[in-house]
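Structural features, examined
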Amino acid sequence: MDLAYIPSPSTGVINLGPIPLRGYAFCIIIGVFVAVWYGNRRWIARGGTAGTVADIAVWAVPFGLVGGRLYHVITDYQLYFSEGENWVDAFKIWEGGLGIWGAIALGAVGAWIGCRRRGIPLPAYADAIAPGIAFAQAIGRWGNWFNQELYGKPTDLPWALKITESANREAGLYHPTFLYESLWCVGVAFLVIWADRRFKLGHGRAFALYVAAYCVGRAWIEYMRVDEAHHILGLRLNVWTAIGVFVLAVVYMVVSARIRPGREEVVETKTAKTAAAKAAGTTADDEDAPADDAAADAVTDAPTDTGKDAADSDGDVEHGAGNGAGSAAKS
């Protein structure tokens with residue numbers, strides 16, 4: 001008799017009338033909101049403007065979703081394009097299947113487009129949102145719990161995950177790898193927050209630290225999973241991906257620290273102008289006022305001073321002439 005285990009939900013969908021609320025999609029949406037909210041706080045703390053993170057997320061999130069789905073479909077093509085499978089299922093993202101590698105890669109492309117439109121550096125933006133992305137992953141992994149997927153090997157541990165019988169899975173108690181990865185992502189987020197405060201990471205190094213730390217956890221968690229996957233030299237494809245991405249992230253941190261040490265002083269031009277205006281005792285509107293206004297003020301002031309000086313000069317000449325004439329008369 002099993003005394004303790006983590007139960008799985010009987011269904012991943014709650015119907016509110018004609019509207020289905022899917023647990024997987026709900027977790028993804030909550031994760032995105034958390035990432036944007038916390039990223040916005042960090043961006044403002046770095047000297048950025050409120051709302052910039054959300055504006056760029058409008059580009060990054062759709063690109064990330066497409067990239068995550070493409071990676072999953074490409075690496076698990078047999079689930080959709082093998083004999084007896086329906087290729088239309090490749091578009092059913094609500095049923096699960098987002099590859100984090102593709103999501104981050106294509107999401108970065110969307111973020112790059114958004115950053116260029118706002119005229120801000122992508123590395124600084126990436127550093128600001130890095131912990132938020134980790135928190136979003138931690139929340140998103142609970143979507144796998146709703147779908148009863150991505151579990152590990154059988155186990156009798158007290159925190160085992162109970163999986164129910166279906167066409168694609170066998171009932172039993174398994175390692176809750178979704179929970180392991182969720183907790184690992186929370187730890188990664190706090191690691192990045194701590195390291196960023198301690199070492200003032202900049203130029204994309206906070207984001208690179210997030211990537212490297214995540215890859216370490218993903219490698220050993222991936223090794224525990226029992227779902228179908230492609231293998232290369234005895235290791236699952238995602239394990240090799242984690243190793244490769246980890247190496248790239250570490251190399252970037254080392255090279256970046258040598259080429260561009262320290263942290264960016266200015267992350268958004270608009271806020272930099274506002275700060276300069278305040279320091280000068282003017283407003284942003286005053287700062288942007290045309291130079292002609294200043295010239296006009298100078299012209300307006302000039303005649304007053306010149307007239308006064310001229311009057312004084314004329315007075316001196318008159319007094320001098322009068323004194324001279326008086327002297328001549330006396331002589």
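The text that follows walks through the structure, step by step, so that each part is easy to find.

Cut-off values and rules
- Residues numbered from 1 in each chain as written.
- Predicted model: local features only at pLDDT ≥ 70, side-chain atom pairs only at ≥ 80, totals over all residues.
- Heavy atoms only, no water.
- Pairing = 2+ DSSP bridges.
- Helix = DSSP H or I, 4+ residues; strand = E, 2+ residues; numbered from the N terminus.
- Polar contact = N/O pair within 3.5 Å; in protein donor to acceptor, adjacent residues only side chain to side chain.
- Contact = heavy atoms within 4.5 Å.
- Phe/Tyr/Trp six-rings, centres within 6.5 Å; stacked < 30°, edge-to-face > 60°.
- Expected span 1.5 Å × (residues − 1).
- Buried < 20%, exposed > 50% of the residue type's maximum accessible area, 1.4 Å probe, protein only.
- Salt bridge = Lys/Arg side-chain N within 4 Å of Asp/Glu carboxyl O.

**Quick notes on the pairing of strand 1 (residues 13–16)**
Of the strand pairs in this sheet, strand 1 and strand 2 (residues 19–22) are connected by four bridges, and their pairing is antiparallel. Across the sheet, residue Asn15 finds its bridge partner in strand 2, namely Pro20. Between strand 1 and strand 2, which follow one another and run antiparallel, lie two residues, and Gly17 among them has a positive phi close to 65°.

**Brief notes about the side chain of Ser8**
Looking at where Ser8 falls in the secondary structure, it is placed in the segment before strand 1. Engagement of the side chain of Ser8 in a polar contact is seen with the backbone oxygen of Lys162, the distance being 2.5 Å. Leaving out residues up to four positions away in the same chain, Ser8 has contacts with Trp145, Gln148, Leu161, Lys162 and Ile163.

**Some thoughts on unusual backbone geometry**
Despite not being glycine, Leu150 shows a phi value in the positive range, around 60°. Among the secondary structure elements, Leu150 is positioned in the loop between helix 6 (142–146) and strand 3 (161–163).

**A short note on the packing of aromatic side chains**
Going through the model one piece at a time under the given rule, you end up with 14 aromatic pairs. Site record: aromatic cluster; members linked through ring pairs are Trp37, Tyr38, Phe135 and Phe190.

**What to know about helix 9 (residues 237–259)**
With 23 residues, helix 9 should cover 33 Å at 1.5 Å per step; its first-to-last C-alpha distance of 33 Å lies within 8% of that length. For helix 9, the set of buried residues is Asn238, Val239, Thr241, Ala242, Ala249 and Ser256. Looking at the buried positions of helix 9, the neighbouring elements they touch are helix 2 (52–75), helix 4 (100–118), helix 8 (205–224) and strand 6 (235–236).

**A look at the pattern of salt bridges**
Considering all chains together, one arrives at 13 salt bridges under this definition. Salt-bridge contacts for Arg263 lead to Asp196; the nearest nitrogen and oxygen are separated by 2.7 Å. On the criterion of sequence distance, the pair formed by Arg263 in the loop between helix 9 and helix 10 (269–279) and Asp196 in helix 7 (residues 177–199) is long-range, its members being 67 residues apart. Residue Arg263 is classed as partly exposed on the basis of its relative accessible area, which comes to 26%. Accessibility expressed as a relative area gives 5% for Asp196, which makes it buried. Each of Arg141, Glu181, Arg218, Glu222, Arg225, Asp227 and Arg236 takes part in one network of salt bridges that share partners.

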